[in-house]
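# Breakdown of the fold
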Amino acid sequence: MRLIGREELDLQLRMLIDKGNINRTFLFLGSKDSGKTFMGKYFASLILGMRAFKGTHPDFFYFKGRQGKYADTLEEFIEACHKQPFEAKHVVVFFDDIDLIPLSSLNVLLKTLEEPPAKTTIILSSHSQESLLDTIISRSFKIQLKSRSREEKEDILFDMGIKNASYRLAISDDIKVCASKDFQELEKRVSDCFSAYDKFKKCSMEELPKEIGNFLEKFDLKFFFESIRHKDVSLEYQFEITKRIQQCLTYNNKFLVLFNFIMNIR
């Protein structure tokens, strides 16, 4: 895996690991769509390997901040930080959106965050510094993440060789960080959705049910609608797509959702 459009940050994180400077707390700061969760898992994967990114490495522990009942989560987080590595040289513990925990409750984490156990890397994410205790901020290695505009993401995709403007629009909607989801694979998925859309319009009524059935075996319908919305910019078309995306989330009968849409665009 590689980062796209954040090469300097990628290099910085890799150098920290190469120098063995990871027995500390790292704090990723940024808005909701800046890619904090992705970057935290990506950093963990640089330390432990790709299984950490997928959440299957025995030495990676992930916690999600939430409002309401969080006492058990805080206890489990502290316990995970003090575990000994099972397979790798380090334990990596990621507390995502820690700013959702009230400041008064974060006090129980101070000792662990200020002085992580010898073989533990702690990763935190937060929308802003203002939501955290000063002692946590001062002891953390801070990494500020900025959201990218659609235009910036499109420019990055263009530089990568994705020249089709409609493809770039569709792909940029699916990218939060301009980080690698394997862009070539993503481009192919979008291209296949566009091709299927064109084929559906040409199918006879006899061929259509089989084509829809085959399509639904391979593709996520919501991804299909989000991709093809860029084939037409008319308000009527956009409204129709939005309605179908909502139906994807509401109805179980995906065949009927797609069939009705095709009938509407013929």
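In short, a report on the structure. Predicted, not measured: the structure shown is a model, and the values here were computed from it.

Here is what the cut-offs are and how they apply
Residues numbered from 1 in each chain as written. Predicted model: local features only at pLDDT ≥ 70, side-chain atom pairs only at ≥ 80, totals over all residues. Heavy atoms only, no water. Phe/Tyr/Trp six-rings, centres within 6.5 Å; stacked < 30°, edge-to-face > 60°. Buried < 20%, exposed > 50% of the residue type's maximum accessible area, 1.4 Å probe, protein only. Lys NZ or Arg CZ within 6 Å of the ring centre and 35° of its normal. Axes fitted to C-alpha atoms, helices over the stretch in contact; angles between N-to-C directions. Helix = DSSP H or I, 4+ residues; strand = E, 2+ residues; numbered from the N terminus. Parallel < 35°, antiparallel > 145°, perpendicular 65-115°, else oblique. Left-handed = near helix turned anticlockwise from the far one by under 90°. Contact = heavy atoms within 4.5 Å. Nonpolar A, V, L, I, M, F, W, Y, C, P; charged D, E, K, R; others polar. Pairing = 2+ DSSP bridges. Salt bridge = Lys/Arg side-chain N within 4 Å of Asp/Glu carboxyl O.

### Brief notes about the packing of aromatic side chains
Per the counting criterion, the structure on display carries 17 aromatic pairs. Note on Phe215 and Phe224: the rings are 4.9 Å apart at their centroids and 70 degrees apart in plane angle, and the pair reads as edge-to-face. The burial state of Phe215 is the same as that of Phe224; both residues are buried. The structure contains a cluster of three or more aromatic residues connected by ring pairs, namely Phe200, Phe215, Phe219, Phe224, Phe225 and Phe261. One Lys or Arg, Arg24, reaches over the ring of Phe26 and ends 5.9 Å from the middle of that ring.

### Here's the deal with the packing of helix α12 (residues 221–228) against helix α13 (residues 235–250)
At their nearest, the axes of α12 and α13 sit 9 Å apart, and the two run at 165 degrees to each other. When the axes of α12 and α13 are compared, the pair comes out roughly antiparallel. For the pair α12 and α13, the sense of crossing is left-handed. Note on element contacts: α13 touches α12 through Tyr237, Ile241, Arg244, Ile245, Cys248 and Leu249, opposite Leu221, Lys222, Phe225, Glu226 and Ile228. In terms of residue class, the contact of α12 with α13 is made up of eight nonpolar, no polar and three charged.

### Things to note about the pairing of strand β3 (residues 91–96)
Summarising burial for β3: six of the six residues are buried, a large majority. The side-chain alternation of β3 yields two buried faces, one formed by Val91, Val93 and Phe95 and the other by Val92, Phe94 and Asp96. Inspection of the sheet shows strand β2 (residues 60–64) paired to β3 by five bridges, in the parallel sense. Bridging from a neighbouring strand, Phe60 pairs with Val92 of β3.

### With respect to the environment of Pro102
If you trace the backbone, Pro102 turns up in the loop between β3 and α5 (103–106). For the pair formed by Pro102 and Ser131, sequence separation is 29 residues and the distance between their alpha carbons is 8.3 Å.

### Quick look at the pattern of salt bridges
Pairing is possible between side chains that carry opposite charge, provided their charged atoms lie close to one another. Tallied over the entire structure, the rule returns seven salt bridges. Taking the shortest distance from any N to any O, the salt bridge between Arg14 and Asp10 comes out at 2.9 Å. One end of the pair is Arg14 and the other is Asp10, both in helix α1 (residues 7–18) and four residues apart, which spans about a single turn. Assessed through its relative accessible area of 9%, Asp10 is described here as buried. Residue Arg244 is joined to Glu240 by a salt bridge in which the shortest nitrogen-to-oxygen separation is 2.5 Å. On the criterion of helical spacing, the pair formed by Arg244 and Glu240 is a turn pair, its members being four residues apart in helix α13. Here Arg244 and Glu240 have matching classes, each one buried. Taken together, the salt bridges that share partners define one network made up of Lys64, Asp96 and Asp97.

Functional significance is not addressed by these values, which are geometric in nature.
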